[in-house]
Amino acid sequence: MFATTPHLRVMFPGLAADLRERRDHITMPDGATLRLALYPFRETRLASMFNAVRVLKSRRHYDIFSEVYFRPLAWALTSSGRGYVESMGESVFDNPRWATVDDWIQYGDDVTMVDLRDLCRQGIPRVHHPLLGDDQDDWLQFFSDQVTAIFEGQC
């Protein structure tokens, strides 16, 4: 997904070049973080940059540069520098707290197996996509047809 989004290649040219050229050592760019959660559901979603705000019930926000929800895991490349904005509510990534796996992009092709319990000492939450669940009508989504690609389906 990262490679298919021109806007991300502009925002993070070093990361895009590292991934495209399959470099041995990849560095997470300033301003971004890679998050991981367990995702046991059949609904699949791949999307590039967008954000959403939950306006009904409790106030929450969801900002991503790129996401992959494909069981058994969910991955999200999201902003690391936004911080808490009270008017926006808490981030979906903070409750439950998604595992931060920024260091994983440094593993080379020689690493074929790693125990998730060793890599995620704080645990890995089980999540659903907020815009695929029963409360999806509680959210406002913001995206651009020039920047955002969204693919959904069943697996």
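Provided above is the structure to which this section pertains.
What counts, and at which threshold
Residues numbered from 1 in each chain as written. Predicted model: local features only at pLDDT ≥ 70, side-chain atom pairs only at ≥ 80, totals over all residues. Heavy atoms only, no water. Helix = DSSP H or I, 4+ residues; strand = E, 2+ residues; numbered from the N terminus. Rg over C-alpha atoms; globule rule 2.2 N^0.38 Å. Buried < 20%, exposed > 50% of the residue type's maximum accessible area, 1.4 Å probe, protein only. Contact = heavy atoms within 4.5 Å. Areas by Shrake-Rupley, 256 points an atom, 1.4 Å probe, with all protein chains shown as cover. Lys, Arg positive; Asp, Glu negative; His and termini not counted. Charge placed at Lys NZ, Arg CZ, Asp CG, Glu CD.

Colleague: Please give an account of the overall build of the protein that cites residues and values.
Modeller: The helix and strand tally for the protein stands at three helices and eight strands. Its helices and strands taken in sequence order, the protein reads α-α-β-β-β-β-β-β-α-β-β from the N to the C terminus. Against the globule reference of 15 Å for 155 residues, the protein gives a C-alpha radius of gyration of 16 Å, in line with a compact fold. Each principal axis of the C-alpha distribution contributes one length, and for the protein these read about 45 × 35 × 35 Å. Within the protein, buried positions represent 39% of all 155 residues. Contacts spanning at least 24 positions in sequence make up 71% of the contacts within the protein whose residues lie at least 6 apart. Total accessible area on the protein is roughly 9,300 Å²; 51% of this is exposed by carbon and sulfur atoms. Charge centroids of the protein, computed over 17 positive and 22 negative side chains, lie 3 Å from each other.

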